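Observations on chain architecture
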Amino acid sequence: MISKKRKIIVNSVVAFFFFVGVIWAAIIVAKPGQMSAREDQWSRIQKEKTITIGLDDTFVPMGFRDKQGKLVGFDIDLAEKVFANLGIKVKWQTIDWSMKETELNTGNIDALWNGYTKTPERAKQVAFSKSYHESNLTLVVNKTSGIHRFSDMTGKTLGIQTGSSAETDLNTHPEILKNYLAGQQAVGYDTFDKAFTDLNAKRLDGLLVDEDYARYYIEHQANPENYALLRGGFKPSEDVVGLRKGDKGLQQAINRELDRLQKNGFIRNLEARWFGPQPDLKKN
Amino acid sequence: MANLMSFLPGVLAGLKMTLGVFFITIIGSVPLGILASLGMKSPYFTIRWLVNGYIWIMRGTPLLLQLIFIYYGLATVGLPFDRFEAAAFAFIINYAAYLAEIFRGGLQAVPQGQFDAAKVLGLSKTQTFFKVVLPQVIKIVVPSFGNEVVNLVKDTSLIYVIGLGDILRAGSIAASREVTLLPYLLVGVIYLLMTAIVTLILRASEKRLNVWR
């Protein structure tokens, strides 16, 4: 049997170390986070000649993997070009898109460049580059559905991508589309391929999605001619590069390069390559 | 069918990550689980409380949350883990908690007479544990241990949240690229194959361990 004395000693020692551990953890948590994330990282990036960019590699046609597993897409081409001009190598890091701002602010990645749209909420946490691409929110419907304008969605079901800027726009301007919907609520999907499956199965009447993505998905459907794209009253969304607030040097360098690539037509060529020709659009 | 096979290279690239997390978890969580199960039976109440608290937290919160806390949470307080290290750490401490309960059940199933006999024979505590108790515990826990292993095969898919690419993520990439649900079918088949292999290995070891019957 273990003596009473020994029990008391061991129990006190364990309790002591436990409390020391708890206090130590509390001190660490109370301390302000990583200082390095708040400083300008541009000189470090220039010295190392590499930048880590976060992306969601399921995000067609902005950044995704081809059959060989190679990263391709509009944003991949553009970012590679911008940083090649600056003499910096891009290291692409796959992230979970719902964790993007955390990844950026903890310093795991230096930039977000993957169809990242400017919104007021994001502006509180993240610095933006200048906008390099504009896109409209469109409503994708089945041609036979009889839906020709947003008001035709009265009492119908709408699908959106959870956490997307489309969701934010839908909620901040409910008078444009949200108020028409059944239950004034949309159905959230994590990826659009699943939402398209539901649109085809008629479990959804419409799908609110960025025009670039909408065209990509429609092109890959069995019968692309079955769908119609409707533009409504939403303002065009601007794609930007997401950066840490402190990284002014990086922001200026990216803006300078984006300006040049816009002027010399590089971005326009890329748009034609990845988003294809403009399709017919029914104006609302 | 040829179409389905075209997704294979991408999905197989994700398989490496899935298997990596799987094996490192098995290797790390078994010893930790045994330790924790012994801790629950410790004569010192502080150790019992600590271990019970640990198991309560690990089993009481979703593994997905634990992954987020360990990778992102610890980084915000200045303890940055590598992505794979964070995944391995979270999976090991989570699975060790479940295994601890299984091992505790196994320990309780060893009759008191075995302990008494070992004592009478003059075996030390360590000898009793390793030579008498542990071999019996292993036999008892194989079926429930197997349950956890099969669960682990599928739970590895949660690592998507810290940006690691496993086979399920490879499937989603192919699904959004080709706009079809077919890659998921392939991913499902691969999971089934993996659990089939695990099941066969467990059955075989169970049979071997039961030769004494």
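Residues numbered from 1 in each chain as written. Chains lettered and ligands numbered in written order. Predicted model: local features only at pLDDT ≥ 70, side-chain atom pairs only at ≥ 80, totals over all residues. Heavy atoms only, no water.

**Considering the packing of helix α3 (residues 74–85) of chain A against helix α9 (residues 248–263) of chain A**
All names here are of chain A. Counted only if it meets this: Lines fitted to C-alpha atoms define the axes here, with helix axes fitted over just the stretch in contact, and angles between the N-to-C directions of these axes take values from 0 to 180 degrees. Here a helix means four or more residues in a row that DSSP labels H or I, a strand means two or more in a row labelled E, and each is numbered from the N terminus. Oblique is the label for any angle not covered by the other classes, which are roughly parallel (under 35 degrees), roughly antiparallel (over 145) and roughly perpendicular (65 to 115). The contact criterion used throughout is that any non-hydrogen atoms of two residues lie within 4.5 Å.
Their axes nearest at 10 Å, the elements α3 and α9 cross at an angle of 110°. Viewed along their axes, α3 and α9 adopt a mutual orientation that is roughly perpendicular. When α3 is examined against α9, the residues L78, K81, V82, F83 and N85 are found in contact with a partner set consisting of L250, I254, E257, L258, R260 and L261.

**Some words on the pattern of salt bridges**
Residues and elements named next belong to chain A. For the record, the criterion: The salt bridge definition used is simple: a Lys or Arg side-chain nitrogen within 4 Å of an Asp or Glu carboxyl oxygen. Note on classification: 1.4 Å probe, protein chains only; a residue is buried when its accessible area is under 20% of the maximum for its type, exposed when over 50%, partly exposed between these limits.
Counted by the stated rule, this structure contains 22 salt bridges over all chains. The residue E101 makes a salt bridge to K100 at a minimum N-O spacing of 3.9 Å. Judged on exposure class, the residue E101 and its partner K100 are both buried. Sharing partners across several salt bridges, the network here consists of R44, E48, D110, R244 and D247.

**Some details on the domain arrangement of chain A**
All names here are of chain A. Keep this limit in mind: What counts as a domain boundary in this text is fixed by an automatic or database domain assignment. Each polar contact in these results corresponds to two N or O atoms within 3.5 Å; when the atoms are within protein, one needs to be able to donate a hydrogen and the other to accept it, and residues that are neighboring in sequence are counted only if both atoms are side-chain atoms. Only Asp, Glu, Lys and Arg are considered charged in this grouping, and only Ala, Val, Leu, Ile, Met, Phe, Trp, Tyr, Cys and Pro are considered nonpolar; every other residue, Gly among them, is considered polar.
According to the domain assignment, chain A contains domain 1 (42–134 + 238–277) and domain 2 (137–235). On the domain 2 side, the residues contacting the 14 residues of domain 1 number nine residues. Connecting domain 1 to domain 2 are zero salt bridges. Joining domain 1 to domain 2, the criterion identifies two residue pairs in polar contact (both at pLDDT 80 or more). Split by residue class, the side of domain 1 that touches domain 2 holds seven nonpolar, five polar and two charged.

**A short note on the environment of Y132 of chain A**
Residues and elements named next belong to chain A. Relative to the helices and strands, Y132 resides in the loop between β7 (127–128) and β8 (133–135). Here Y132 falls in the buried class, since its relative accessible area comes to 2%. A C-alpha to C-alpha distance of 7.7 Å links Y132 and Q262, two positions 130 residues apart in sequence. Here W113 takes part through its side chain, which lies 3.2 Å from a polar atom of the side chain of Y132.

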